[in-house]
Amino acid sequence: MAIESVGVVGAGQMGNGIAHVFALAGFDVLLNDISEDSLAKALVTIDKNMDRQVSRGKITAEEKAAAQARIRTTLALPDLGQTDLIIEAATEREEVKQKIFDALLPHLKPSTILTSNTSSISITRLASRTDRPEKFMGFHFMNPVPVMQLVELIRGIATDQPTWDAMHEVVRKLGKTAASAEDFPAFIVNRILIPMINEAVYTLYEGVGSVKSIDESMKLGANHPMGPLELADFIGLDTCLAIMNVLYEGLADTKYRPCPLLTKYVEAGWLGRKSGRGFYDYR
Ligand code: CAA
């Protein structure tokens, strides 16, 4: 199962980072989204992020140019049909992901591996609705993708060993480190990280500390690179809430109840950096 080409569905924060790291690692990348505008923005972001890497001496200008030449874009999902590996990185809504897989399936080569960058949705359930549950896996990148070393590989109940091995090899070629996870709600990173963020929101909600003191405590007291509330804004408060709900429903334990203040912020449209306002003001 030699994987040389990848189709990335979704050119947002995660999708453009995934296209970036695959292109730098020598894979041919076909990036898909539903609007020209999103694709154009993704190419600008990739250019900017690769420039950072050039200016810090992480890659050369030639490596940047070669990687950019390996990225093509398309608005047509069927164009991804001939790639060896599909990485779905669309909005974290199950019905959206389902529609994408339904639209892709008739066009795929039999050997193509299907993966989802979902941060919490059941891999087994997504896989069961495709024609190839044994060639389906979770492939979960961390944000910012070009910087974070870890990738979670999540095994659905039907994932076969050749697919599992092929994906570990892909992660090795990306120069990243794989963490193997079984398919339970939110896998490993988000099972631990998002309840910590939710607890930070409770700490604010109950008046134990201010936004500043909570974030400073965890930065200076626990050596976290970002405080939990700053990190929540970075991830997106809607995404944090969606993951808490998956944990709450999937594990049926009240210790995962989302903080009412987190729900209120999301209802207000205060989603963090992407909307200009969350626990901090970015306007
Ligand atoms: N692309 C390429 N390089 C980037 C980048 C990007 N998007 N963003 C930052 N960088 C690089 C910078 O160029 C810099 O490189 P050097 O080390 O070579 O100098 C390095 O990353 C650090 O960046 P900065 O100096 O600008 O800023 P910083 O030191 O404050 O670090 C950070 C920024 C890397 C984001 C850091 O704050 C951090 O690690 N934060 C925590 C991030 C985290 O926890 N991510 C996981 C979120 S959970 C998740 O993603 C899973 C989910 O499903 C929700």
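Residues numbered from 1 in each chain as written. Predicted model: local features only at pLDDT ≥ 70, side-chain atom pairs only at ≥ 80, totals over all residues.

### Points about the overall build of the chain
Counted only if it meets this: The numbering of helices and of strands both runs from the N terminus, where a helix is a DSSP run of H or I of at least 4 residues and a strand a run of E of at least 2. Partly exposed residues are those falling between the two cut-offs: more than 12 but fewer than 20 other C-beta atoms within 10 Å of their own, whereas 20 or more means buried and 12 or fewer means exposed, with C-beta atoms placed from the backbone. What counts as a contact is two residues whose backbone-derived C-beta atoms lie within 7 Å of each other.
When you go through the chain residue by residue, the secondary structure sums to 11 helices and eight strands. If you line up the chain on its principal axes, its C-alpha atoms span 55 × 45 × 30 Å. Across the 283 residues that make up the chain, the buried fraction comes to 42%. Looking at the chain alone, contacts between residues at least 24 apart form 65% of all its contacts between residues at least 6 apart.

### Quick notes on the UniProt feature "domain: 3-hydroxyacyl-CoA dehydrogenase C-terminal" (unreviewed entry) in the chain
To keep it simple, the criterion reads: UniProt positions are given in the numbering used here, feature names are shortened, and annotations may be inferred rather than shown by experiment.
According to UniProt, the positions carrying the feature "domain: 3-hydroxyacyl-CoA dehydrogenase C-terminal" (unreviewed entry) are residues 187–282. As a span, residues 187–282 carries 62% helix and 0% strand, and end to end its C-alpha atoms are 31 Å apart.

### Re the domain arrangement of the chain
Note: interface size is frequently given as the accessible area lost on complex formation between the parts. Here is the rule: Domain extents, as shown, originate in an automatic or database domain assignment. Just so you know the grouping, Ala, Val, Leu, Ile, Met, Phe, Trp, Tyr, Cys and Pro go in nonpolar, Asp, Glu, Lys and Arg go in charged, and all remaining residues, Gly too, go in polar.
Assigned domains of the chain: these are domain 1 (5–182) and domain 2 (191–274). One C-alpha centre belongs to domain 1, the other to domain 2; they are set 27 Å apart. Taken together, the contact pairs four residues of domain 1 with five residues of domain 2. Among the residues making up the side of domain 1 that touches domain 2, the classes are represented as no nonpolar, three polar and one charged.

### Description of the sheet that holds strand 8 (residues 177–182)
Test applied: Pairing between two strands requires that DSSP report at least two bridges joining them. To get an axis, fit a line to the C-alpha atoms, keeping to the stretch in contact for a helix; angles then go from 0 to 180 degrees between the N-to-C directions.
With respect to topology, eight strands assemble into an open sheet ordered 3-2-1-4-5-6-7-8, the strand pairing being mixed. Edge positions in the open sheet fall to strand 3 (71–74) and strand 8, since each of these has one partner strand only. Taken over all neighbouring pairs, the strand axes of this sheet differ in orientation by 25° on average, direction set aside.

### Looking at the site of the ligand
Counted only if it meets this: Residues are counted as near a molecule or strand when the C-beta atom, derived from backbone positions, lies within 6 Å of that molecule or strand.
Residues in close proximity to the ligand total 20 residues, the closest being Asn49, Ser119, Asn143, Pro144 and Pro146. Every element with two or more residues in the shell around the ligand is listed here: helix 2 (36–55), helix 7 (189–205) and helix 9 (228–235). Here the shell around the ligand is built from residues that sort into 11 nonpolar, six polar and three charged. When residues of the shell around the ligand are assigned to domains, at least three map to each of domain 1 (5–182) and domain 2 (191–274).

### Concerning the packing of helix 10 (residues 237–251) against helix 11 (residues 260–267)
Describing two packed helices takes the angle between their axes plus the distance from one axis to the other. Our working rule: For classification purposes, an angle smaller than 35 degrees is called roughly parallel, one larger than 145 roughly antiparallel, one from 65 to 115 roughly perpendicular, and anything else oblique. The handedness criterion is simple: a crossing whose near helix is rotated anticlockwise from the far helix by less than a right angle is left-handed, and one whose near helix is rotated clockwise is right-handed.
Relative to each other, helix 10 and helix 11 sit at 135°, their axes nearing to 9 Å. Judged on the interaxial angle alone, helix 11 and helix 10 are oblique. Crossing handedness for the pair helix 10 and helix 11: left-handed. Touching Leu237, Asp238, Cys240 and Leu241 of helix 10 are Leu262, Thr263, Tyr265 and Val266, all from helix 11.

### Examining the UniProt feature "binding site: NAD(+)" (unreviewed entry) in the chain
In the UniProt entry, the feature "binding site: NAD(+)" (unreviewed entry) is given for Gly10, Ala11, Gly12, Gln13, Met14, Gly15, Asp33, Glu92, Lys97, Ser119, Asn143 and Lys274. You can call Gly15 buried: it has 26 C-beta atoms within 10 Å. Sequence-distant contacts of Gly15, that is, excluding residues within four places in its chain, are made with Val8, Gly10, Leu31, Ala42 and Ala89. Summarising the element assignment, Ser119 is placed in the loop between strand 5 (113–116) and helix 5 (123–128). Among all residues touching Ser119, those that are not within four sequence positions of it are Glu92, His140, Asn190, Thr239 and Ile243.

### Concerning the pairing of strand 5
Rules: A crossover gets the label right-handed when its path from the first strand over the helix to the second runs clockwise, viewed with the strands pointing away from the viewer.
The alternating pattern of strand 5 places Ile113 and Thr115 and Leu114 and Ser116 on opposite faces, both of which are buried. For strand 4 (residues 85–88) and strand 5, the ladder comprises four bridges, and the chain directions are parallel. Looking at the pairing, Leu85 lines up with Ile113 of strand 5. Each parallel crossover has a hand, and for strand 4 linked through helix 4 (residues 94–104) to strand 5 it is right-handed. Bridge analysis of strand 5 against strand 6 (residues 136–141) gives three bridges, and the strand direction is parallel. Its bridge partner being in strand 6, Leu114 is matched across the sheet by Phe136. Following the backbone out of strand 5, through helix 5 and into the adjacent parallel strand 6, one traces a crossover that is right-handed.

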